[in-house]
Structures are given as structure tokens and as C-alpha cells.
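What follows is each chain in one-letter form.
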Amino acid sequence: MIQVRISPAQRRKLEADLKIFADKSQVAVAETVAIIGTSVAKELARKVQPFGLTKKVGDSFELSIEKQINKAARYATFRGTEGEIASVHERYRNEKGSVTVRPPRQFQPARPTFKRDELDPYIVKKKSNVGMAKAGWIAAGENIDSPLLKTSRGLVRKIKGIAPWIRRHVKPSKGSSRFERKSGLNSTIYLTNKVDYAYSKGNYNMRTVPSAIADGYKRSITMIRARLKKLQ
């Protein structure tokens, strides 16, 4: 669970615009914290590895996964490592999840080579999970309950700029939020990414959380000012 709270310094910077926005939107100032929450959620998603939210990032990551699985299979053939491709791939992944072993270009196989009818379905399966950890944060952001985050028909506004490889996984089961409303900007939003491996022990994604929250605050200022212009 990541706690999103406005620090005194950030409060001073945001307070004026938030009060004006709240007045024009005819909502309590506390509700404006919801916009900051969605902004932070998007930045948290952006900084989950691989960095970014675009289609290009997703395509590149899927290609990388395919290459690493093939490399693990080839190395296992060289070393004579027993097991199916799933166990072989898991064995040769490092703490960051990458396969860094390198088989020689030419070697005498020490075990039967992996057939494409075993490799390809496994590659497809692994690719299908790409974007899930990012989707957990988007789901959490879109779960924030506030009138400011809904359309005139009461529908939840989707966070913009999320490519299909991430959007396909955005479901309530992947992320949630809790909005504790207090006076003014003392409100707190709790975002929870329910994808268990997204921030597991030793996961390098955790190191990016402080910068993601800081960037989310900065981005929210731009968002609020843009919405203010529409209300004028």
C-alpha cells in the first residue's frame, strides 16, 4: 500500500489553485485531492519497469521477453539443464527478472533441444502478462471515488495515455484505493497495487516510488490548471 499525502511545502504550492478549482467546480477543497491521487497513480504506473506507458515500450518489452526465453532455452541445451522451459527460464532469471547467461555460438548439445511447439506457447503466455504490474496502479487510480473523477453521467473517467498492453489488465481485482476525507488538503488517499509481484521483496520498482509521487504532484498542478481554463 502506498500512502499519498500532501506535504506542507507541496500544500503551499497547490493550495491557491485547488481552492479556486474547488470553488468553480462547486465541490469541497478536500475533493480536489482526488485529482492528485490519479496523477500519482499514473506516475507510479509509468515508473514500474519497463519505464513508460506507450505502445512502443510494450512492444519492446515483449520482444525482450521472447529473446530472453530463447536465450535461456539455448543455454540450458548447452549446459544440459534438465526440466521444461518454464523451470529453465525461471532458473536463469536474475533478481531483476532478466536472463543474462550467454551460451556460446557453437556447442555440442548436452540435452535435447527445445521444440518450437513447447517454446512458442510459453512465450505467448509470458507476453500476455506484460503490463499487469502497471495496470495495478491505473486500477487503483481509477478506483478513487470522487465526483471530480466521473462524467456527467456518473461514469468513471479513465486515466488518459494508457496503451492497450496495460489497459487490457486494468480491473478492480488489480488495484484499489481508499479516500479519507478531512478538512481542506488534509485528506489522504491510499493506493493499493494488488499485483503481488509488482513490489515484492527485493523488487527494484520500490526505489522509484518517491520520485513517482513527487512527479505525480507536479503533474497534478498542470492538470488542475488545464481544467481551470475549461471552467473559465
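Computed from a prediction, not measured in an experiment: that's the story for all the values here.

Caption draft 1: Layout of the overall build of the protein. Looking only at helices and strands, the protein has eight helices and three strands in total. Reading the protein from its N terminus to its C terminus gives the helix and strand order β-α-α-α-α-α-α-α-β-β-α. Expressed as a percentage of the 232 residues in the protein, the buried residues total 46%. Long-range contacts, defined here as pairs at least 24 residues apart, represent 76% of the contacts in the protein between residues at least 6 apart. Accessible surface for the protein amounts to roughly 13,100 Å². Of this, 51% is attributable to carbon and sulfur atoms.

Caption draft 2: Quick look at the nonpolar core. The biggest cluster of nonpolar side chains holds 56 residues, and the ones touching the most others in it are Tyr92 and Leu191. At eight residues, helix H2 (residues 33-47) tops the list of elements feeding residues into this core.

Caption draft 3: Up close: the layout of surface pockets. In this structure, the second largest pocket encloses a volume near 600 Å³. Lining the second largest pocket are 21 residues, with Arg157, Lys158, Lys160, Met223 and Arg227 sitting closest to its centre. For the lining of the second largest pocket, the secondary-structure elements that each account for two or more residues are helix H1 (8-25), H2, helix H6 (132-142) and helix H8 (209-231). Broken down by element, the residue count for the lining of the second largest pocket peaks at six residues, all from H8. Looking at the lining of the second largest pocket residue by residue, the classes come out as nine nonpolar, four polar and eight charged.

Caption draft 4: Looking closely at unusual backbone geometry. Here the amide bond leading from Gln49 into Pro50 is cis, since omega sits at 0°, within 30 degrees of zero. Here Pro50 is to be found in the loop between H2 and helix H3 (55-79).

Caption draft 5: Structural context of the environment of Ala214. One can find Ala214 in helix H8. For Ala214, a relative accessible area of 27% translates into the label partly exposed. Once the C-alpha coordinates of Ala214 and Glu43 are considered, the two residues, 171 residues apart in sequence, prove to be 8.9 Å apart.

Caption draft 6: Fine view of the pattern of salt bridges. Applying the stated rule across the entire model yields 11 salt bridges. In this structure, Arg93 engages Glu90 in a salt bridge whose closest nitrogen and oxygen atoms are separated by 3.4 Å. By relative accessible area, which is 30% here, Arg93 ends up partly exposed. Notably, a salt bridge pairs Asp120 with Arg116, separated by 2.6 Å at the nearest N-O pair.

Caption draft 7: Main features of H2. For H2, which comprises 15 residues, the first-to-last C-alpha distance of 21 Å matches the rise-based estimate of 21 Å (1.5 Å per residue) to within 8%. Of all 15 residues in H2, 14 are buried, a share of seventy percent or more.

Caption draft 8: Representation of the pairing of strand E3 (residues 188-193) in the model. E3 sits mainly inside the fold: six of its six residues count as buried. Residues Thr188, Tyr190 and Thr192 point to one face of E3 and Ile189, Leu191 and Asn193 to the other, with burial holding for every one of them. Here six bridges tie strand E2 (residues 175-180) to E3, and the two strands are oriented antiparallel to one another. Paired with Ser177 across the strands is Leu191, a residue of E3.

Caption draft 9: Quick look at helix H5 (residues 116-128). End to end, H5 covers 18 Å across 13 residues, agreeing with the expected 18 Å (1.5 Å per residue, within 8%). Inspection of H5 places Leu119, Tyr122, Ile123 and Lys127 among the buried residues, and these make up the whole buried set. The buried residues of H5 occupy one face: seen down the axis, they fall within an arc of 135°. The outward face of H5, more than 90 degrees from its buried face, is lined by the exposed residues Asp117, Val124 and Lys125. Buried positions along H5 lie against H3 and helix H4 (85-91).

Definitions and limits used
- Residues numbered from 1 in each chain as written.
- Predicted model: local features only at pLDDT ≥ 70, side-chain atom pairs only at ≥ 80, totals over all residues.
- Heavy atoms only, no water.
- Helix = DSSP H or I, 4+ residues; strand = E, 2+ residues; numbered from the N terminus.
- Buried < 20%, exposed > 50% of the residue type's maximum accessible area, 1.4 Å probe, protein only.
- Contact = heavy atoms within 4.5 Å.
- Areas by Shrake-Rupley, 256 points an atom, 1.4 Å probe, with all protein chains shown as cover.
- Core = buried A, V, L, I, M, F, W, Y, C linked by side-chain atoms within 4.5 Å.
- 1 Å grid on protein atoms, 1.4 Å probe; cavity = no way out; pocket = protein on both sides within 12 Å on 5 of 7 lines; lining within 4 Å.
- Points joined across faces, edges and corners; volume = space filled by probe spheres on them.
- Nonpolar A, V, L, I, M, F, W, Y, C, P; charged D, E, K, R; others polar.
- Salt bridge = Lys/Arg side-chain N within 4 Å of Asp/Glu carboxyl O.
- Expected span 1.5 Å × (residues − 1).
- Pairing = 2+ DSSP bridges.
- Arc of directions from axis to C-beta.

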